Structures are given as C-alpha cells and as structure tokens.
Amino acid sequence: MVSSPDAEAGRVAERYRRFAAEEAPGRSDLYEEWASGVAADTDTQLLLARIPADRRQPPLVFAVTRMLGAAEGGYAAWAQWLAANIDEVAAECVARGLQTNEPLRCAALLPALSLIDGPIALLEVGASAGLCLYPDRYSYRYENGQDLDPAGGPSPVVLRSGARGLPRLRLPEVVWRAGIDLAPLDAASDIDRRFLTSLVWPGEQGRRERIVAALDVVRGEPPTLMSGDATADGILAELAAEAPGDAALVVTTPGVLPHIARAGRMQLCNHIDAVRSARPGTHWLSIDPPGLHDRWGADAASWPGFVLGMDERALAVVDPLGAWVEWRAPDVGARR
C-alpha cells in the first residue's frame with residue numbers, strides 16, 4: 001500500500017525533528033536550525049517526501065544541497081533554494097548514499113594493526129574513496145605522547161587522538177590496498193571530492209581540511225576499488241584472492257556493519273570467516289557498536305562507545321570516528 005503525500009510528509013517531519021533534538025546539538029548549529037525548520041514546515045516536508053525514504057536522511061539531504069550550491073545560511077534561504085532545485089536534489093540523493101570517509105578512524109585501527117607482523121595486504125569493506133586504506137601514510141599524535149610519522153617524514157595528514165593504555169605502536173608496512181563499496185568514490189574526481197567534503201557537517205573544525213589532505217594522498221597512489229555488494233557470494237573472496245601471497249591479509253570493516261541490514265551483516269561475517277579459513281593468517285579488524293554481534297565476546301556488549309575488535313577478541317573502546325582510544329586488552333601486547 002502506497003502512503004499518501006501527507007503521511008510521508010509526517011514521517012519527514014518526525015525524522016527531522018528527531019535529528020534536530022538528538023543528533024545535531026553540539027555538533028552543528030546550522031544543521032540543527034535546518035532540521036528544526038523542516039520539522040515545522042509542511043511545504044518543505046512535502047518536497048522531501050518525493051525522495052525515497054532510505055535516501056532522505058538529514059545528513060545526506062543537507063550534504064547534497066551544499067554540494068549542489070546551497071549557501072550555509074539561515075533556514076528560510078535554504079528552504080527557498082531547495083524548492084527551486086528539488087528535482088536535482090532528489091536525483092542526487094537517489095544516486096548517492098552516506099559515505100562518510102574519515103581518515104581519523106586509522107588512529108583507532110592503528111593499535112590493532114601494530115599487533116600484526118607485516119608486510120600487510122589491506123582490504124576494506126565499505127571503502128568509499130579509500131581514505132582508511134593508508135594508515136602507513138599518515139602522521140599520528142596521541143595524547144599519551146606516542147607520535148608516529150611515515151619513514152619519509154611528517155605527513156600532510158596529521159591524526160590527533162585521545163589515548164589511554166595503548167600498547168607500543170608502529171606504522172604498518174602496507175604493500176597492497178583494496179576496497180569494496182556499493183559506489184566507490186574517486187579521489188581524483190572533482191564531483192566526488194566535493195560530495196565527500198560536503199558530508200562534513202558545518203561546525204566540525206579541521207575535518208574538511210583533513211579529508212582533503214587524505215584525498216590528495218590517495219589520488220597520488222590510487223588503491224584497487226571494486227564496485228559491488230560485499231554481502232553477495234564470491235565478491236569478497238574474489239578481491240581477497242588478488243592480495244599478494246607473501247603478505248598478511250587484513251580485512252577491515254570500520255563502522256560499516258551498522259549500515260547493513262542484519263541478514264546481510266550475517267552473510268558478510270560468514271564471507272569474512274570463509275576468507276580467513278581459505279587463507280590462514282588472515283586477520284579481521286572492525287569498529288562496531290557494542291552488542292551489534294557476538295564476535296567480540298559477551299563482555300564487550302556492555303562497553304561504552306564503539307568496540308575495536310580483531311579476529312575473535314575485543315581490544316579497545318573507541319570513538320567511532322577515531323577521536324579517542326581506550327585500550328582494554330592488557331594481556332594482548334605481543335605482536336602476532
């Protein structure tokens with residue numbers, strides 16, 4: 001049964017009201033204003049109701065409008081711009097998805113990568129433009145005093161992260177990097193770069209500059225990016241088979257699993273298990289909400305924040321975007 005426009009507009013109103021109350025405060029004053037405006041504006045609700053429900057999330061709609069030229073001003077001007085450009089906005093929202101690609105996540109992954117003897121072949125599921133495939137090319141500044149730079153000197157991408165109880169860190173030796181995404185972004189494409197930077201919320205200091213610098217790193221040495229659904233049979237195994245045999249294969253899923261429906265999530269986990277069985281010595285690193293699955297053990301389900309897990313072990317509580325790391329596996333310190 002197809003919902004009426006008024007019913008869909010009501011769903012838009014509730015979604016944007018919730019976003020304005022629960023997600024935007026403290027992170028983006030502008031997005032809070034825009035979402036509050038939508039929640040109180042029937043005309044704009046009806047416009048946004050033209051966009052499929054799974055493509056009208058506030059962060060996606062707001063990013064697309066900014067990418068297409070909407071000014072970062074008050075709600076009234078934004079709503080007027082949207083009304084004049086709704087067809088183009090709807091088309092872009094359908095064509096794109098939330099592909100936040102935050103290189104700072106590498107600061108959360110690095111403690112686990114430090115436990116793995118190299119060389120490493122890195123394969124990321126949900127890679128977007130591949131910015132998290134270059135942990136060896138970035139500089140790190142942890143609050144506990146551990147500073148790391150690539151062998152050639154400080155990187156233009158400097159990742160600053162809070163830290164507590166970390167093991168001794170080292171940069172990995174990455175000899176192969178590849179990713180899978182439903183719609184990979186090209187670090188050399190002007191439109192893809194503009195979209196990725198538009199996904200940064202107004203008010204997030206330094207994040208856009210960090211992403212631009214990481215895009216330049218990736219553009220200089222592009223990874224292998226496969227367009228496909230990693231939950232489908234054979235896709236992950238096909239790409240994993242291309243990794244050099246003398247490298248330790250490391251499959252990463254940093255923050256992607258929550259965006260996959262439960263059935264697909266279970267299929268993906270099974271595909272990762274199959275790759276690990278077929279290629280002994282393969283590791284799986286993930287950043288997930290506690291309780292999302294049972295792979296990291298029962299204790300991790302009650303941890304605050306997100307969980308950094310490797311293979312069958314929970315290692316640390318982390319910020320989902322890498323802003324801080326609290327190590328919780330003191331008996332895991334030897335490199336393996």
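Above this text you will find the structure in question.
**Student:** Describe the packing of aromatic side chains, and please don't skip the residues or the numbers.
**Tutor:** Counting across every chain of the model gives twelve aromatic pairs. When the centroid spacing of 6.1 Å and the interplanar angle of 5 degrees are considered together, the rings of Tyr140 and Tyr142 count as stacked. Residue Tyr140 is classed as buried on the basis of its relative accessible area of 0%. In this structure Tyr142 comes out as buried when scored by relative accessible area, which is 4%. Among the aromatic residues, those joined into a cluster by ring pairs are Tyr16, Phe19, Tyr31, Trp34, Phe62, Tyr75, Trp78 and Trp201. Positioned above the aromatic ring of Tyr134, the side-chain terminus of Arg177 is 4.4 Å from the ring centre. When the ring centre of Trp303 is taken as reference, the NZ or CZ atom of Arg328 above it lies at 5.3 Å.

**Student:** Could you give me a rundown of the sheet that holds strand 5 (residues 174–181), with the residues and numbers involved?
**Tutor:** Read across the sheet, eleven strands follow the order 3-2-4-11-10-9-8-7-1-5-6 without closing on themselves; strand pairing throughout is mixed. Looking at which strands have only one partner, the edges of the open sheet turn out to be strand 3 (147–148) and strand 6 (224–227). Summarising the sheet, strand 4 (residues 158–164) and strand 11 (residues 324–327) pair through three bridges and their orientation is parallel. Along strand 11, the bridge assignment pairs Ala163 with Val325.

**Student:** Outline the packing of helix 7 (residues 190–198) against helix 8 (residues 207–220), listing residues and values.
**Tutor:** Close contact between helix 7 and helix 8 brings their axes to 10 Å; oriented N to C, the two are set at 150 degrees. Between helix 7 and helix 8, the interaxial angle falls into the category roughly antiparallel. In the packing of helix 7 onto helix 8, the handedness of the crossing is right-handed. Here Arg193, Leu196 and Thr197 of helix 7 lie close against helix 8, whose contacting residues are Arg208, Ile211, Val212, Leu215, Asp216 and Arg219. Counted by class, the contact of helix 7 with helix 8 contains four nonpolar, one polar and four charged residues.

**Student:** Can you tell me about the environment of Gly152, naming the residues and giving the values?
**Tutor:** Tracing the backbone shows Gly152 in the loop between strand 3 and strand 4. Taking the C-alpha atoms as reference points, Gly152 and Leu169, separated by 17 residues in sequence, lie 18 Å from one another.

**Student:** Describe in detail the pattern of salt bridges, supporting the description with residues and values.
**Tutor:** The full count for this structure, using the stated rule, is 25 salt bridges. With a closest N to O distance of 2.8 Å, Arg11 and Glu8 form a salt bridge. Pair noted here: Arg11 and Glu8 are both in helix 1 (residues 5–23), with a separation of three residues, about one helical turn. The class for Arg11 is partly exposed, based on a relative accessible area of 44%. Taking relative accessible area as the criterion, Glu8 reaches 16% and is therefore assigned buried. Asp192 is paired through a salt bridge with Arg96; the nearest N and O atoms lie 3.5 Å apart.

**Student:** Can you lay out the pairing of strand 7 (residues 248–254) for me, pointing to particular residues and giving the numbers?
**Tutor:** Burial analysis of strand 7 places seven of its seven residues in the buried class, the great majority of the element. Residues Ala248, Val250, Thr252 and Pro254 point to one face of strand 7 and Leu249, Val251 and Thr253 to the other, with burial holding for every one of them. The pairing of strand 1 (residues 120–125) with strand 7 spans five bridges and is classified as parallel. In the strand pairing of strand 7, Ile120 is matched with Ala248. Two elements, strand 7 and strand 8 (residues 283–288), share five bridges in a ladder whose sense is parallel. Paired with Val251 across the two strands is Trp284, which belongs to strand 8.

**Student:** Talk me through the side chain of Gln99; I want residue IDs and the actual numbers.
**Tutor:** Position of Gln99 among the secondary structure elements: in the loop between helix 5 (75–95) and helix 6 (105–113). In terms of polar contacts, Gln99 uses its side chain to reach the side chain of Asp181, at 3.0 Å. Here the side chain of Gln99 touches Ala183 through a polar contact of 2.7 Å, landing on its backbone oxygen. Apart from the residues within four sequence positions on either side, Gln99 is in contact with Ser128, Asp181, Ala183, Leu185, Phe195, Leu196 and Leu199.

**Student:** Quick rundown of helix 2 (residues 29–39)? Include the residues and the values.
**Tutor:** For helix 2, every residue scored as buried is listed here: Leu30, Tyr31, Trp34, Ala35, Gly37, Val38 and Ala39. On the buried face of helix 2, the contacting elements are helix 1, helix 3 (42–48), helix 4 (58–67), helix 5 and helix 7.

**Student:** Please give an account of the nonpolar core that cites residues and values.
**Tutor:** By size, the foremost hydrophobic cluster in this structure holds 82 residues, and its most contacted members are Phe62, Trp78, Leu131, Tyr138, Tyr140 and Tyr142. Beyond its immediate stretch of four places on either side in the chain, Phe62 contacts Tyr16, Phe19, Tyr31, Trp34, Ala35 and Trp78. Counting residues in hydrophobic clusters, the runner-up holds 30 residues, among them Ala178, Met226, Leu236 and Ala300.

**Student:** Just give me the short version of unusual backbone geometry, but keep the residues and values in it.
**Tutor:** A cis amide bond links Gly118 with the next residue in sequence, Pro119, at an omega value of 0 degrees. With respect to the helices and strands, Pro119 occurs in the loop between helix 6 and strand 1. In this structure, Asp311 is a non-glycine residue whose phi angle is positive, near 55 degrees. Given a relative accessible area of 10%, Asp311 falls into the buried group.

Calculation notes
- Residues numbered from 1 in each chain as written.
- Predicted model: local features only at pLDDT ≥ 70, side-chain atom pairs only at ≥ 80, totals over all residues.
- Heavy atoms only, no water.
- Phe/Tyr/Trp six-rings, centres within 6.5 Å; stacked < 30°, edge-to-face > 60°.
- Buried < 20%, exposed > 50% of the residue type's maximum accessible area, 1.4 Å probe, protein only.
- Lys NZ or Arg CZ within 6 Å of the ring centre and 35° of its normal.
- Pairing = 2+ DSSP bridges.
- Helix = DSSP H or I, 4+ residues; strand = E, 2+ residues; numbered from the N terminus.
- Axes fitted to C-alpha atoms, helices over the stretch in contact; angles between N-to-C directions.
- Parallel < 35°, antiparallel > 145°, perpendicular 65-115°, else oblique.
- Left-handed = near helix turned anticlockwise from the far one by under 90°.
- Contact = heavy atoms within 4.5 Å.
- Nonpolar A, V, L, I, M, F, W, Y, C, P; charged D, E, K, R; others polar.
- Salt bridge = Lys/Arg side-chain N within 4 Å of Asp/Glu carboxyl O.
- Polar contact = N/O pair within 3.5 Å; in protein donor to acceptor, adjacent residues only side chain to side chain.
- Core = buried A, V, L, I, M, F, W, Y, C linked by side-chain atoms within 4.5 Å.

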